[in-house]
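Here are the chains, one letter per residue:
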Amino acid sequence: MTQPMPPDHRDLRGYAGRWPDFRWPNGARLAVSVVVNFEEGSEQQVGDGDPRSEAMGEVMSVVPPGVRDQGQEGIFGYGPRAGLWRMLRALDDAALPATIFFCGRAVERIPDLAREATARGHEAAVHGWRWRPHADYATPEAEAADLDRCVAAIRAATGETPSGFFCRGGESPWTRDLLRQRGFLYASNAFDDDLPYYDRAGEKPLLVVPYALDTNDMKFFHPNGFVRAREMVDYVADALAVLEEEAEAGHPRLLNIGFHLRICGRPARFPAFRDTLRMLAARGDRIWVARRDAIARAFAAAVPPG
């Protein structure tokens, strides 16, 4: 059932042009978050007992609902089998940290691969138990059970307790309260700002570290998106140029760049990942490339919720 919302539930004002004055820990005004999504094995697949298989991949699936789609299984399977290793090596070469958005069922199926990613110093964050919108949970109890299940799978595989959250699509009316109750440091289902901010709608403020879907390799799967790897690199370069100019004018900023194992792990698209990392590394201390939990803590220290 649709939850009625008050007419002012959307904050369209934000900082209203009066951004907080602070620097990130290395002295830079611009922070950059690199995210790698670890979803493969958590998507809908009839072969796993779901009523239909995920339709979006290299092509839109033509297999009817209720029939196993081994083609889509293979498209997703490429991510952890091949793409993961290529991308982890590139992160090592660039000596840059990333945040891994882990779907719990994917972690449960291949815990050794999840452990390999975090052992290299990358953050483990919650990406839902399944690769699904949390907006489609019918009750807070059902959502809470899957949220706890995801946290438990990540902790068992990596030894880390995740403190950040992002789900496919949108949150439910209860998601942020569930995160507050569990002591999460930040939520990321927001695309509405170039800086973190606080959601004060609940009993206590919850830090929101916005994400981005434009500087994101999912655009390779969209008809109005990227085709060649260089197109994404150039797009990210344009975003960096604009935000660097604003940072030089004294305004702190955050840039989010998202990747997926099955997308930029592919050889033809891998240069989008590798060359973006090289571009970030070349900037040195002009920017601060950090895990999202580090960005959240730095922001909270510089801009307390009070």
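This text follows the structure it describes.
Below is a short write-up of the structure. (Residues numbered from 1 in each chain as written. Predicted model: local features only at pLDDT ≥ 70, side-chain atom pairs only at ≥ 80, totals over all residues. Heavy atoms only, no water.)

## Structural notes on the pairing of strand E2 (residues 99-102)
Covered by surrounding structure in E2 are Thr99 and Phe101 together with Ile100 and Phe102, the residues of both alternating faces. Pairing of strand E1 (residues 30-38) with E2 involves 4 bridges; the strand directions are parallel. In the sheet register, Asn37 faces E2, and the bridge partner there is Phe101. With helix H1 (residues 70-94) bridging E1 and the parallel E2, this β-α-β connection has right-handed handedness. Bridge analysis of E2 against strand E3 (residues 123-126) gives 4 bridges, and the strand direction is parallel. Bridge pairing in E3 places Thr99 opposite Glu123. (Buried < 20%, exposed > 50% of the residue type's maximum accessible area, 1.4 Å probe, protein only. Helix = DSSP H or I, 4+ residues; strand = E, 2+ residues; numbered from the N terminus. Pairing = 2+ DSSP bridges. Right-handed = clockwise from strand over helix to strand, strands pointing away.)

## Thoughts on the packing of helix H6 (residues 229-248) against helix H7 (residues 270-282)
Packing of H6 against H7 leaves a shortest axis separation of 8 Å and a crossing angle of 30°. As far as their axial angle goes, H7 and H6 are roughly parallel. Helix-helix and strand crossings are classified by hand; for H6 and H7 the assignment is right-handed. Mapping the contact onto sequence places Ala229, Arg230, Met232, Val233, Val236, Ala237 and Leu240 in H6 and Pro271, Ala272, Asp275, Thr276, Met279 and Leu280 in H7. Its residues assigned to classes, the contact of H6 with H7 comprises 10 nonpolar, 1 polar and 2 charged. (Axes fitted to C-alpha atoms, helices over the stretch in contact; angles between N-to-C directions. Parallel < 35°, antiparallel > 145°, perpendicular 65-115°, else oblique. Left-handed = near helix turned anticlockwise from the far one by under 90°. Contact = heavy atoms within 4.5 Å. Nonpolar A, V, L, I, M, F, W, Y, C, P; charged D, E, K, R; others polar.)

## Examining the side chain of Ser42
With respect to the helices and strands, the residue Ser42 is situated in the loop between E1 and H1. Ser42 has contacts with Cys103, Arg105, Ala106, Trp129, Arg130 and Trp131, leaving out every residue within four places of it along the chain.

## Observations concerning the nonpolar core
Val32, Phe38, Phe102, Phe273 and Leu280 are the most contacted members of the largest nonpolar core, which has 67 residues in total. With 8 residues, H6 is the single largest residue contributor to this core. Setting aside chain neighbours within four positions, we find Leu280 in contact with Val32, Val34, Leu96, Leu240, Ile257, Ile287 and Val289. Grouped together as the second largest cluster of nonpolar side chains are 25 residues, Phe22, Ala125, Ala190 and Ala298 included. (Core = buried A, V, L, I, M, F, W, Y, C linked by side-chain atoms within 4.5 Å.)

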